[in-house]
Amino acid sequence: MCTSGHGSADGASVAAPAVDRGAPGPAADAALIADLVIANRILFREGVVDAFGHVSVRHDKRPDRFLMARNMAPALVTEQDIVEFGDDGEPVNAAGRPVYLERFIHSEIFRARPDVMAVVHSHSMAVLPFGLVRSVPFRAVTHMGSFIGTCAPVFEIRDVVGDDNDLLITNRKLGRALAECLGQGTVCLMRGHGSTAVGNSVKQAVFRAVYTEQNARVLSEASRLGPVEGLSEAETRTATRVIDGQVNRAWDMWRMRAEGKV
Ligand code: MN
């Protein structure tokens, strides 16, 4: 029999308003900011984020910093909403505007992975079950999802802070643990919460977030039919090399769709 209980949140996620630290660096490339804005719109339009979730990009002139929207629904982000963050996850120029509680996902992955230029965090629905069922690994089953590899890691927040947690990545310690779980991978699942995908550009991170969700749908459907034949390790490597060259084709269409032009 199940017993019900009420969480005794310790207030860890009810963060005080973030205070700006440091001084803004040189202005980021306008095209980079424009891509970040459209990435927000695309992720909403393609069903990866809803009112929640976020995307960031490493600053092109200050690699120890990154850019991300203030705390708001991704679909509504404009260039005026983009905030610069330091490598401690704290804003540089938020000027009192609320910022995302889970900004430490981004700061700690950027610190741990110099090759990562963009990060997408979402709660996209089809991926969630694979963070819950430990006996079923999340793996690439389509060539478009080949970057996922043969077994994506699943982050278990209890291993870091125990059972009395709110499942959110609200500080540097949790961000570091998540980055460790991701390792050198491309996508990391988070039990009962969502997933995080990384890329070498905003476009690649968005591409991976969209196809992580699509791969999850296919894997779930296939699992209803019988044992699933996923991609082999060699197939994931080879297909990833080919598909990486196709990112712009998807981006250009998603962008037009997000702008209501197709
Ligand atoms: Mn989240």
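Just so we're clear, the structure is a prediction, and the values are computed from it rather than from any experiment.

*Asks:* Hey, could you go over helix α1 (residues 30-45) for me, with residue numbers and the actual values?
*Replies:* Over its 16 residues, α1 runs 23 Å from end to end, which matches the ideal 22 Å to within 8%, given 1.5 Å per residue. Burial in α1 covers these residues: Leu 32, Ile 33, Asp 35, Leu 36, Val 37, Ile 38, Ala 39, Asn 40, Ile 42 and Leu 43. The inward-facing, buried residues of α1 contact β1 (54-58), β2 (66-69), β3 (82-85), β4 (118-122), α6 (202-225) and α8 (247-258). Once α1 finishes, Gly 47 follows within two positions and takes phi at roughly 80°, a positive value.

*Asks:* Residue-level account of the coordination of the manganese ion, with values.
*Replies:* Coordination of the manganese ion by the protein involves Glu 102 (OE), His 121 (NE2), His 123 (NE2) and His 193 (NE2), with metal-donor separations of 2.1 to 2.2 Å. Spacing between the donor residues of the manganese ion along their common chain follows E-x18-H-x1-H-x69-H.

*Asks:* Break down unusual backbone geometry for me, with residues and values.
*Replies:* Here the phi dihedral of Ala 95 falls at roughly 55°; this positive angle occurs in a residue that is not glycine. Its place among the elements puts Ala 95 in the loop between β3 and α2 (103-112). A positive phi is found at Leu 167, a non-glycine position, where the angle reads about 75°. By the secondary structure assignment, Leu 167 is in the loop between α4 (158-161) and α5 (172-182). With a relative accessible area of 29%, Leu 167 lands in the partly exposed category.

*Asks:* Break down the sheet that holds strand β6 (residues 187-190) for me, citing the residues and quoting the values.
*Replies:* The sheet built from seven strands is open, its strands ordered β3-β2-β1-β4-β7-β6-β5 with mixed pairing. In the strand order of this sheet, the two ends are held by β3 and β5 (154-155), each with one partner. As paired strands, β1 and β4 are joined by four bridges and run antiparallel to one another. Its bridge partner lying in β4, Val 57 is registered against Ala 118.

*Asks:* Lay out the environment of His 121 in plain terms, naming residues and giving numbers.
*Replies:* Mapped onto the elements of the fold, His 121 is located in strand β4. Between the alpha carbons of His 121 and Val 218 there is a distance of 21 Å; along the sequence they are 97 residues apart. Ignoring any residue separated from it by four or fewer positions in sequence, one finds His 121 in contact with Val 49, Gly 53, His 54, Glu 102, Ile 105, His 106, Met 190, His 193, Ser 195 and Thr 196. One polar contact links His 121 to Glu 102, side chain to side chain, over a distance of 3.1 Å.

*Asks:* Before we move on, could you go through the environment of Ala 179 and cite the residues and values that matter?
*Replies:* In this fold, Ala 179 is placed in helix α5. Taking the C-alpha atoms as reference points, Ala 179 and Thr 196, separated by 17 residues in sequence, lie 9.8 Å from one another. Each residue touching Ala 179, except ones within four places of it in the same chain, is listed here: Glu 108, Ile 109 and Ala 112.

*Asks:* Now, about the packing of α1 against α6: what can you tell me, with residues and values included?
*Replies:* Look at α1 against α6: their axes get within 10 Å of each other, and the N-to-C directions meet at 10°. One element, α1, and the other, α6, form an angle in the roughly parallel class. Here Asp 35, Ala 39, Ile 42 and Leu 43 of α1 come into contact with α6, specifically with Val 202, Lys 203, Val 206 and Ala 209. Of the residues belonging to the contact of α1 with α6, the class tally is six nonpolar, no polar and two charged.

Basis of the calculations
- Residues numbered from 1 in each chain as written.
- Predicted model: local features only at pLDDT ≥ 70, side-chain atom pairs only at ≥ 80, totals over all residues.
- Heavy atoms only, no water.
- Helix = DSSP H or I, 4+ residues; strand = E, 2+ residues; numbered from the N terminus.
- Expected span 1.5 Å × (residues − 1).
- Buried < 20%, exposed > 50% of the residue type's maximum accessible area, 1.4 Å probe, protein only.
- Contact = heavy atoms within 4.5 Å.
- Donors = N, O, S within 2.8 Å, 3.2 Å for Na, K, Ca; no water.
- Pairing = 2+ DSSP bridges.
- Polar contact = N/O pair within 3.5 Å; in protein donor to acceptor, adjacent residues only side chain to side chain.
- Axes fitted to C-alpha atoms, helices over the stretch in contact; angles between N-to-C directions.
- Parallel < 35°, antiparallel > 145°, perpendicular 65-115°, else oblique.
- Nonpolar A, V, L, I, M, F, W, Y, C, P; charged D, E, K, R; others polar.

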